[in-house]
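So you can see what is in the structure, the chains are spelled out below.
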Amino acid sequence: MAAQDAGWPEDTLAGRVGIREVRVLRSQGRPVIQRLDPDAYRCSRLAAQLADEWVDYVAATEITSAPSGAYRRGIDLFCIAVDSDPGVSPESTDLEASQLARVLARWERQLPAAFSPGSRWAAFIARALRVLIIRRDDHPGRPVADEIVRFARGPATTHSRESSERDEFSRHDKRALIKAAWAEVNALEHRLDNGWHLAAQGRHPEQGSWLHPPDLLWGISRGTVALSELRAQLPSHVGEWPDELRRLVARPDGTIMPNLAKRLLVHHLIAQLYPNTMDLHAFRVLLMDATGLSSEEVTSFGAKDVEFLPQGVRLTIVKKRAGRVRHRAFRDDAPRPGGVEQQAEDRGEPAAEGPATHDLHDRPRREVTAIIQRLLKVTAKVREQLSEIEDSLFVRAAFLPNYALVFRRWDPDSPRTTFSAWLTSVGVEVSGPAHIGRLRKSTKVEKAIVARGRVGIAADDHTRETFAGHYAQGTTLRIISGEVITAAQRHWFDKAITGPIVITPEAEAAAGDSARLQELGIPAEQAEGIVTGQLDMGLSHCKDPYDSPFSSTGELCSVAPLRCLECRNAWILPSHLPQLLLFEQHLENTRRRMPPDRFTALWGQTYTNLRAVLADRTVEEKALARKHIDAGTAALHLPLTAHQEFDR
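Residues numbered from 1 in each chain as written. Predicted model: local features only at pLDDT ≥ 70, side-chain atom pairs only at ≥ 80, totals over all residues. Heavy atoms only, no water.

J.: Before we go on, may I ask you to explain the overall build of the protein chain in this structure?
T.: Looking only at helices and strands, the protein chain features 28 helices and 10 strands. Per-residue burial for the protein chain yields a buried fraction of 45% across its 648 residues. Sequence-distant contacts in the protein chain: of pairs separated by 6 or more residues, those separated by 24 or more amount to 62%. If you sum the accessible surface of the protein chain, you get close to 33,300 Å²; carbon and sulfur atoms cover 51% of it. (Helix = DSSP H or I, 4+ residues; strand = E, 2+ residues; numbered from the N terminus. Buried < 20%, exposed > 50% of the residue type's maximum accessible area, 1.4 Å probe, protein only. Contact = heavy atoms within 4.5 Å. Areas by Shrake-Rupley, 256 points an atom, 1.4 Å probe, with all protein chains shown as cover.)

So this is what it looks like as structure tokens:
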């Protein structure tokens, strides 16, 4: 299929049937070229069809490099499977051949074996290939065999496997992270201030010296000296360099690598004037810790999205994955755990005299205004060179292998400048994987602790389902949730389901004597109501139906007699045995008709208490109670809502 026939842009397709080339956007905005050569497979017709759909899909959606790579890899793995399948002829096989459905089904089932246990790539790649097939079927003039279409639109045979969630950083690890980040920020500011101070003292190297650092910094800072020119002017033999320059490129043991000396010197000079990728990791750590936002959010607002207030700062925050734009304000006086002394210690500053004024368990740490002001300062010179980038303060300088100085958006995904590499460079060792997402979980844990376990507050910037699936699995929250559950159970048992008081036949005489009931601690009015039967609820007597744990104080109990067996106010007498047996029969019928989990949730406690009460009755007592039931002298009266509930 020709590029002109498909209507694709010229720069997205190279050749008519040869190498398909697409340009996709990385998450940081820089284009990446991906290629696929259908002629590299025996099933070249099939590969060309899928490649055409891949190119068309990428051009239409402008997806980023990672998702696009899944489509590219899916085509590659499937075409390799078709080439090696003895049941088909690869040269004549394409998406119009019905026998290809069998190959596709077997390929999907075997795909997980090509990945490590727990990997989700198999399901991701299988879905990607199905998307291409369905997309081709949706276009007129692009025939696909019915068997293949039914399989592609049918249920998946390869499912995403469960993966273990990363735990949050421990308090010790997080404290070390924050302290190291503040130290790096202080060192960066000192380095840049010193670098620009030296640059101001220099002059053009042709008038000064190509071996004098202030002159070199002067030329780089003003753009009058190209890095390639600087490399050409430096003596090739490092021994001809002055000691001042030799110290800048020496290794910790004092040795110098002559082949890398010029490159290391240029790297050092640029770092004196502009922040690099490693420098900005510290600001991301501090902003995530201070705001509780994700890594994506703290790196996706620019100077235009920052509004300084008299007592804080307001940020316009973009979360591209969720498609949300929010405005959040952060106050300057919001305390952080550890108090002001700990804050000063983490920043590498002397602590103020006097006692700390903030409590350890107050609110998550806050110093957003100071962090952003310092980030604006250290990136000011870079942002002057990148007026087109307005959606991020995370910008840095770098030089290419050809010694060209460039200014770009921050990209922490390079293998040599990852978060893990930054941890190694600052000497921080953390338990578990070195992933920045764990810091986000740590702030979520703090927020959940402060909110006393209320998920609605902790999940203020995403759904409760997201919180339960990604943030509620941490060690700290599991421990706290156990304490919360224990406390809740204690509260519930103390106030609501302490259970009824069961009167034995020997003590039944007391239930007919108001004076003896008063001796048991029951007020005279309640005792009189029990004796006269005014407080008989059917399954039990009630001490006070206006003091029900299931209703507001002063209101008549709204759940009697269905919840009497869970109430602390209930008095069960031997005379209630016929009604209890009838209620047991009613619950048994309900248990057979309802799902077990729902029955347990609604009636589990009542059913347990009822069986415990009946277990204390003798066989003779139960037989006598059933005679009353058969004679029609005992009946169970339940509200209509009980029957309606069970029939739903």
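J.: How should the confidence of the model for the protein chain be read in this particular structure?
T.: Low pLDDT means the predicted atomic positions in that stretch should not be read closely. Looking at the protein chain, the pLDDT average stands at 77 and 72% of residues meet or exceed 70. Throughout residues 1–17 the model reports pLDDT below 50, and contacts reaching past four residues in sequence, or to other chains, amount to 29 contacts. Counting interchain partners and residues more than four positions distant, the pLDDT-below-50 stretch residues 350–365 has 38 contacts. (pLDDT = per-residue confidence, 0-100.)

J.: I keep staring at the pairing of strand β4 (residues 312–319) and nothing clicks. Help me out?
T.: Successive residues of a regular strand alternate their side chains across the two faces of the sheet. Most of β4 sits inside the fold, with six of its eight residues counted as buried. As paired elements, strand β3 (residues 306–309) and β4 share four bridges and run antiparallel to each other. Within β4, the residue paired with valine 306 across the bridge is leucine 315. Linking β3 back to β4 in an antiparallel pair, the connection comprises two residues. Pairing of β4 with strand β5 (residues 324–331) involves eight bridges; the strand directions are antiparallel. The partner of threonine 316 across the bridge, within β5, is histidine 327. (Pairing = 2+ DSSP bridges.)

J.: Just checking my understanding: could you explain the packing of helix α12 (residues 277–291) against helix α15 (residues 368–378) for this structure?
T.: Think of two packed helices as two axes; the pair is described by the angle between the axes and how far apart they sit. Direction vectors running N to C along α12 and α15 enclose 160°, while the axes themselves pass 10 Å from each other. Judged by the angle between their axes, α12 and α15 are roughly antiparallel. Between α12 and α15 lies a crossing of left-handed hand. Each of Leu280, Phe283, Leu286, Leu287, Ala290 and Thr291 in α12 lies in contact with α15, whose residues at this interface are Val368, Ile371, Ile372, Arg374, Leu375 and Val378. Of the residues belonging to the contact of α12 with α15, the class tally is 10 nonpolar, one polar and one charged. (Axes fitted to C-alpha atoms, helices over the stretch in contact; angles between N-to-C directions. Parallel < 35°, antiparallel > 145°, perpendicular 65-115°, else oblique. Left-handed = near helix turned anticlockwise from the far one by under 90°. Nonpolar A, V, L, I, M, F, W, Y, C, P; charged D, E, K, R; others polar.)

J.: Which parts of the structure should I look at to understand α15?
T.: Spacing of three or four residues puts side chains on the same side of an α-helix, whose turn is 3.6 residues. Counting buried positions over the 11 residues of α15 gives eight, a clear majority of the element. Taken together, the buried positions of α15 are Val368, Thr369, Ile371, Ile372, Arg374, Leu375, Leu376 and Val378.

J.: Teacher, can you tell me more about the pattern of salt bridges here?
T.: A pair can form between side chains of opposite charge whenever their charged atoms are brought close. According to the stated counting rule, one finds 22 salt bridges in the structure shown. Of the charged contacts in the structure, one is a salt bridge between arginine 136 and glutamate 53, with a shortest N-O distance of 3.4 Å. Of this pair, arginine 136 sits in helix α5 (residues 121–138) while glutamate 53 sits in helix α2 (residues 44–61); the two residues are 83 residues apart in sequence, bridging distant segments of the chain. Beyond isolated ion pairs, a larger network of salt bridges with shared partners links Glu53, Asp56, Arg135, Arg136 and Arg142. (Salt bridge = Lys/Arg side-chain N within 4 Å of Asp/Glu carboxyl O.)

J.: Sorry if this is basic, but what is going on with the side chain of aspartate 173 here?
T.: Its location among the elements puts aspartate 173 in helix α7 (residues 171–201). In this structure, aspartate 173 is buried with no salt-bridge partner, the nearest side chain bearing the opposite charge being arginine 438 at 5.1 Å. Setting aside residues no more than four positions away along its own chain, aspartate 173 makes contact with Glu429, Val430 and Ser431. (Lys, Arg positive; Asp, Glu negative; His and termini not counted.)

J.: What is the right way to look at the sheet that holds strand β8 (residues 501–502) in this model?
T.: As a general point, the strands of a sheet are linked pairwise by backbone hydrogen bonds and lie either parallel or antiparallel. An order of β8-β10-β9 is seen for the three strands of this open sheet, with the pairing classed as mixed. Because the sheet does not close on itself, it has two edges, and the strands there are β8 and β9 (541–542). Pairing of β8 with strand β10 (residues 570–572) involves two bridges; the strand directions are parallel. For valine 502, the partnering residue across the bridge sits in β10 and is isoleucine 572.

J.: Got a minute to help me understand the sheet that holds β3 in this structure?
T.: Overall, antiparallel pairing links the three strands, which are arranged β3-β4-β5 in an open sheet. The open sheet has two edge strands, β3 and β5, and neither has a second partner. On average, each strand axis in the sheet is inclined to that of its neighbour by 20°, with strand direction left out of account. Of the strands in this sheet, β3, β4 and β5 are in contact with α15, which crosses β4 at around 75°.

J.: Explanation requested: the packing of α7 against α12 in the structure shown.
T.: It is the contact of α7 with α12, at a shortest axis distance of 8 Å, that shows an interaxial angle of 130°. If you check the angle between α7 and α12, you find them oblique. By crossing handedness, the relation of α7 to α12 is classed as left-handed. Between α7 and α12, the residues in contact are Lys174, Leu177, Ile178, Ala181, Trp182, Glu184, Val185, Leu188 and Arg191 and Asp279, Ala282, Phe283, Val285, Leu286 and Asp289, respectively. By residue class, the composition of the contact of α7 with α12 is 10 nonpolar, no polar and five charged.

J.: I'm lost on the packing of aromatic side chains in this one. Help?
T.: In this description, a pair of aromatic rings is defined by centroid distance and the angle of the planes. Per the stated rule, a full pass over the model turns up nine aromatic pairs. Between phenylalanine 78 and tryptophan 107, the aromatic rings sit 5.4 Å apart at their centres with planes inclined by 65°, giving edge-to-face as the arrangement. On the criterion of sequence distance, the pair formed by phenylalanine 78 in helix α3 (residues 65–83) and tryptophan 107 in helix α4 (residues 100–110) is long-range, its members being 29 residues apart. Take phenylalanine 78: its relative accessible area is 1%, and that puts it in the buried class. With relative accessibility at 7%, the residue tryptophan 107 sits in the buried group. Plain terms: the ring middles of tyrosine 274 and phenylalanine 407 are 5.1 Å apart, the flat faces sit at 80° to each other, and that makes the pair edge-to-face. (Phe/Tyr/Trp six-rings, centres within 6.5 Å; stacked < 30°, edge-to-face > 60°.)

J.: I'm lost on a nonpolar patch on the surface in this one. Help?
T.: Taken together, Met257, Leu260 and Leu264 make up a surface patch of nonpolar side chains, about 220 Å² in accessible area. Here methionine 257 is to be found in the loop between α10 (243–249) and α11 (261–271). Judged by relative accessible area, methionine 257 falls into the partly exposed class, the value being 34%. (Patch = residues over 30% accessible without salt bridge, like charges linked within 9 Å, V, L, I, M, F, W, Y side chains within 5 Å.)

J.: What am I meant to see in the environment of valine 430 here?
T.: Position of valine 430 relative to the elements: it lies in the loop between α17 (419–426) and α18 (437–450). In sequence terms valine 430 and phenylalanine 169 are 261 residues apart; their C-alpha atoms lie 7.7 Å from each other. Those residues in contact with valine 430 that sit more than four places away from it in its chain are Phe169, Asp173, Leu423 and Arg438.

J.: Help me understand unusual backbone geometry, please; the structure alone is not making it clear to me.
T.: Most peptide bonds take the trans configuration, and most residues that are not glycine carry a negative phi. Going from alanine 560 to proline 561, the amide bond is cis rather than trans, its omega being 0°. Relative to the helices and strands, proline 561 is located in the loop between β9 and β10.

J.: Looking at this structure, how should I read helix α27 (residues 619–631)?
T.: Compared with an ideal rise of 1.5 Å per residue, which puts 13 residues at 18 Å, α27 spans 18 Å between its outermost C-alpha atoms and is within 8% of the ideal. In the segment just after α27, glycine 632 is the residue with positive phi, at about 85°. (Expected span 1.5 Å × (residues − 1).)

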